[in-house]
Amino acid sequence: STAALIRIALKEEIFIFEKKVLPGIKLIPGDLRTLIEKIDESSYVVHLHEDGGDAFNMCVTDLIKTSMNDKQTLLIILSDNLDMSSEEAEIISEIPPFPLSLGPVSLQSHQAILVMHNLLDRLLL
C-alpha cells in the first residue's frame, strides 16, 4: 500500500518544490545527495541492510527506542532488490546511519517496510 501511495503521489504532477502530498509522504525533488543534505540533527537514521545489527536483539531494540525518544524524526533507508551503487553507499555513509538487519533471510522492500512497521509498533507501545 505504501508503494501505491508513492506511485499515486508521483503521478500527480511534475514538481519543483518540496511538497507533502499524503500523510507521511513528502516529495523532494533531486537526487539522493539532495535528500541526505536535508537530514538534520533531529533525525534518527536507520539503514536496513543484511549486514546490520539484529533488529530483534534486545540491546538493539533498546538502543533504537532510546534514540527515537531523543529525536523528532525517524528516517529509514532501504534499497530495492539491487544493492546500492558505490556512489550511493558513499553518500549514505556520510550521515552515518545505524545499520539494521531484519533477519537472516533477504526481504523485498515492501516486506522490509512491513516488518519494520511491526517492530516500531512494538517498540512504541
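It should be noted that the structure appears before, not after, this text.
Residues numbered from 1 in each chain as written. Predicted model: local features only at pLDDT ≥ 70, side-chain atom pairs only at ≥ 80, totals over all residues. Heavy atoms only, no water.

### Brief notes about the packing of helix α3 (residues 58-70) against helix α5 (residues 109-124)
So, step 1. As a packed pair, α3 and α5 sit with axes 10 Å apart at the nearest point and diverge in direction by 70°. As far as their axial angle goes, α5 and α3 are roughly perpendicular. When α3 is examined against α5, the residues T61, I64, K65 and M68 are found in contact with a partner set consisting of L119, L120, L123 and L124. (Axes fitted to C-alpha atoms, helices over the stretch in contact; angles between N-to-C directions. Helix = DSSP H or I, 4+ residues; strand = E, 2+ residues; numbered from the N terminus. Parallel < 35°, antiparallel > 145°, perpendicular 65-115°, else oblique. Contact = heavy atoms within 4.5 Å.)

### As for the pattern of salt bridges
So, step 1. Applying the stated criterion across every chain yields a total of 1 salt bridge.
So, step 2. Between R33 and E94 there is a salt bridge, and its shortest N-O distance comes to 2.7 Å. Residue R33 is located in helix α2 (residues 32-37), and its partner E94 is located in the loop between α4 (86-93) and β5 (98-101); the two are separated by 61 residues in the primary sequence. (Salt bridge = Lys/Arg side-chain N within 4 Å of Asp/Glu carboxyl O.)

### Re the layout of surface pockets
So, step 1. A volume near 540 Å³ is recorded for the second largest pocket.
So, step 2. Looking at the second largest pocket, it is lined by 24 residues, and the ones nearest its centre are L48, H49, E50, S79 and D80.
So, step 3. The element contributing the most residues to the lining of the second largest pocket is strand β3 (residues 43-54), with 4 residues. (1 Å grid on protein atoms, 1.4 Å probe; cavity = no way out; pocket = protein on both sides within 12 Å on 5 of 7 lines; lining within 4 Å. Points joined across faces, edges and corners; volume = space filled by probe spheres on them.)

### Examining the side chain of S43
So, step 1. The residue S43 is located in strand β3 in this model.
So, step 2. When near neighbours in sequence (up to four residues on either side) are disregarded, S43 contacts K71 and T73.

### Quick word on the sheet that holds β3
So, step 1. Ordered by their spatial adjacency, 3 strands build an open sheet running β4-β3-β5, and the pairing between neighbours is parallel. Looking at strand neighbours, the two that pair on one side only are β4 (73-77) and β5, the edges of this open sheet. Here the average twist between neighbouring strands, direction ignored, is 40°.
So, step 2. Relative to β4, β3 runs parallel, the two sharing 5 bridges. Directly across from H47, in β4, lies its bridge partner I77. (Pairing = 2+ DSSP bridges.)

### Observations concerning the side chain of H47
So, step 1. Of note, H47 is situated in strand β3.
So, step 2. The exposure class assigned to H47 is buried, which follows from its relative accessible area of 12%.
So, step 3. The contact partners of H47, leaving out residues within four places of it in the chain, are I77, M84, I92, P97, F98, P99 and L100. (Buried < 20%, exposed > 50% of the residue type's maximum accessible area, 1.4 Å probe, protein only.)

### Observations regarding unusual backbone geometry
So, step 1. Omega for the peptide link from I95 to P96 comes to -20°, which places this bond in the cis form.
So, step 2. Within the fold, P96 resides in the loop between α4 and β5.

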